[in-house]
2 protein chains.
Amino acid sequence: MKYDLKLGKEIMCPIEYGLDIFGGKWKSRIICVLSSNKVIRYNEIKKELGNITDAVLAAMLKEMIADEMIIRTQYNEIPPRVEYALTEKGKSVLPILQCICQWSREHSAEALDTKLPACISCDQL
Amino acid sequence: MKYDLKLGKEIMCPIEYGLDIFGGKWKSRIICVLSSNKVIRYNEIKKELGNITDAVLAAMLKEMIADEMIIRTQYNEIPPRVEYALTEKGKSVLPILQCICQWSREHSAEALDTKLPACISCDQL
DNA sequence: CAGTATCCCCGATGATACTG
DNA sequence: CAGTATCATCGGGGATACTG
């Protein structure tokens, strides 16, 4: 959901804003990965996420930069080096992700016959 | 995301489970509406949500029943009367929604030039 | 290495009509 | 009243190829 900052369109309810920030298939995972690495390079993120494509990863990172959830630091070397890290705003969602994670663990066992698997990313929260 | 209970497929990470439960465009709103009405009828939910269509509302309610987030009570009267209410599991996500709501209010002002609007549903949390 | 550029697919959501 | 049935749409996400 694009709430174009400049145009100030798409007035949204608070929960929508939150879900736009860390919802979707990848953003929460990216936050998790960044949370356990002070700084991390593009290809390391990609490796940790396993099966994300470049197009999607690049798009997610771009949105998250615009949302001020992460910062991108580019070193003009050859080969290029770019590092990503959580901003303070980014770090501030970690407790929420932990809450969701804990809630899910507590309530999924009843619903699913199986327990939720350990999650490489969430478990490092 | 359908994690068919019977087939037990789609093993997911905890955060995914949570986002499946209350993520998406409508579920969190439905939970909010139900949280401020002990019981509420189908058309009342629809009215409160404003612009949801029957097809989508019915689908959401069905999923949420399957997830054991809400209960449906049907009275065999004419005209039909059906009431919905949050289960204990459903109520247990309210603190999380509140967290998200509060976090959004605290952090959106910087990003958006405008404050997030009061939200009929969230504000009753 | 860290991405862009394209093209494509599918599932979530919406519109509309109909019914027990 | 409380839905179901169909069809249409839209965009998030994916596949692949290419590049400074």
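As annotated in an unreviewed UniProt entry, chain A is Transcriptional regulator from Paenibacillus oralis.

K.L.:
I would appreciate a short explanation of the packing of aromatic side chains in the present structure.
P.N.:
By convention here, two paired aromatic rings are described through the distance between centres and the angle between planes. By the definition in use, this model includes two aromatic pairs over all chains. Where Tyr17(A) meets Trp103(B), the ring centres are 6.2 Å apart and the plane angle is 25°; that geometry is what we call stacked. With Tyr17(A) in helix 1 (residues 14-22) and Trp103(B) in helix 6 (residues 94-111), this pair bridges two chains. Look at Tyr17(A) and you get buried, because its relative accessible area is 0%. Residue classification places Trp103(B) among the buried residues on the basis of a relative accessible area of 5%. A cation over a ring is seen here: Arg81(A) above Tyr75(A), with NZ or CZ 4.0 Å from the ring centre.

K.L.:
I would appreciate a short explanation of the environment of Gly90(A) in the present structure.
P.N.:
Residue and element names in this part refer to chain A. Along the chain, the position of Gly 90 falls in helix 5 (residues 88-91). Given the relative accessible area of 0%, Gly 90 is considered buried. Apart from the residues lying within four places of it in its own chain, the contact partners of Gly 90 are Ile 31, Glu 68 and Met 69.

K.L.:
I would appreciate a short explanation of the sheet that holds strand 3 (residues 81-86) of chain B in the present structure.
P.N.:
The pairing of strands in a sheet happens through backbone hydrogen bonds and is either parallel or antiparallel. Residue and element names in this part refer to chain B. Strand order in the open sheet formed by three strands is 1-3-2, and the pairing between neighbours is antiparallel. Whereas interior strands pair on both sides, the edge strands pair on one side only; in this sheet they are strand 1 (40-41) and strand 2 (70-75). In terms of strand pairing, strand 1 meets strand 3 through two bridges, oriented antiparallel. Paired with Arg 41 across the two strands is Glu 83, which belongs to strand 3.

K.L.:
Explain the protein's contact with DNA strand C here, please?
P.N.:
The environment of DNA strand C is formed by 22 residues, the closest being Arg41(A), Arg72(A), Tyr84(A), Lys25(B) and Trp26(B). Backbone atoms, meaning sugar and phosphate, make up 74% of the atoms of DNA strand C lying within 4 Å of the protein. Here a phosphate oxygen of DNA strand C and a side-chain polar atom of Arg72(A) are 2.2 Å apart. Interatomic distance of 2.8 Å between a side-chain N/O atom of Trp26(B) and a phosphate oxygen of DNA strand C. Contributing elements (two or more residues each) for the surface near DNA strand C: helix 3 (42-49), helix 4 (54-66) and strand 3 (81-86) of chain A together with helix 4 (54-66) of chain B. Element by element, the count of residues in the surface near DNA strand C is highest for helix 4 of chain A, at four residues. Of the residues assigned to the surface near DNA strand C, the class counts are 13 nonpolar, three polar and six charged.

K.L.:
What's the story with the relation of the copies chain B and chain A in this structure? I'm lost.
P.N.:
Between the two chain copies there is a screw-like relation: a rotation about an axis and a shift along it. Overlay of chain B on chain A (RMSD 0.0 Å): rotation 180°, translation along the axis 0.0 Å. What we have between these two chains is a two-fold relation. Both copies contact each other with a shared surface, as 100% of the interface residues of chain B are interface residues in chain A too.

K.L.:
Looking at this structure, how should I read the protein's contact with DNA strand D?
P.N.:
In the vicinity of DNA strand D, 22 residues are found, and the nearest of them are Lys25(A), Trp26(A), Arg41(B), Arg72(B) and Tyr84(B). Counting residues per element, the ones that place at least two in the surface near DNA strand D are helix 4 of chain A together with helix 3 (42-49), helix 4 and strand 3 of chain B. Looking at side-chain class alone, the surface near DNA strand D contains 13 nonpolar, three polar and six charged residues.

K.L.:
Would you take a moment to explain the pattern of salt bridges for this structure?
P.N.:
Opposite charge on two side chains lets them pair, provided their charged atoms get close. For the coordinates displayed, the defined rule picks out twelve salt bridges over all chains. Between Glu16(B) and Arg29(A) there is a salt bridge whose closest N-O contact spans 2.7 Å. Of this pair, Glu16(B) sits in helix 1 (residues 14-22) while Arg29(A) sits in helix 2 (residues 27-35), placing the two residues on different chains. With respect to class, Glu16(B) is no different from Arg29(A); both count as buried. Ionic pairing is found between Glu88(B) and Lys91(B), a salt bridge with its closest N-O pair at 3.4 Å. Of the two residues, Glu88(B) and Lys91(B) are both situated in helix 5 (residues 88-91); the distance of three residues between them amounts to about one turn of the helix. According to the relative accessible area criterion, Glu88(B) is exposed, its value standing at 59%.

K.L.:
Please explain the sheet that holds strand 2 (residues 70-75) of chain A as it appears in this structure.
P.N.:
Residues and elements named next belong to chain A. The strand order across the open sheet built from three strands is 1-3-2, with neighbouring strands paired in antiparallel fashion. Of all strands in the sheet, those bounded by a partner on one side alone are strand 1 (40-41) and strand 2. For strand 2 and strand 3, the ladder comprises six bridges, and the chain directions are antiparallel. Residue pairing for strand 3: Thr 73 is matched across the bridge by Glu 83. In the packing of helix 4 onto the sheet, contacts are made with strand 2 and strand 3, and the angle to strand 2 comes to roughly 115°.

Conventions and cut-offs
- Residues numbered from 1 in each chain as written.
- Chains lettered and ligands numbered in written order.
- Predicted model: local features only at pLDDT ≥ 70, side-chain atom pairs only at ≥ 80, totals over all residues.
- Heavy atoms only, no water.
- Phe/Tyr/Trp six-rings, centres within 6.5 Å; stacked < 30°, edge-to-face > 60°.
- Helix = DSSP H or I, 4+ residues; strand = E, 2+ residues; numbered from the N terminus.
- Buried < 20%, exposed > 50% of the residue type's maximum accessible area, 1.4 Å probe, protein only.
- Lys NZ or Arg CZ within 6 Å of the ring centre and 35° of its normal.
- Contact = heavy atoms within 4.5 Å.
- Pairing = 2+ DSSP bridges.
- Near = heavy atom within 4 Å.
- Polar contact = N/O pair within 3.5 Å; in protein donor to acceptor, adjacent residues only side chain to side chain.
- Nonpolar A, V, L, I, M, F, W, Y, C, P; charged D, E, K, R; others polar.
- Least-squares fit on C-alpha atoms with pLDDT ≥ 70 in both.
- Salt bridge = Lys/Arg side-chain N within 4 Å of Asp/Glu carboxyl O.
- Axes fitted to C-alpha atoms, helices over the stretch in contact; angles between N-to-C directions.

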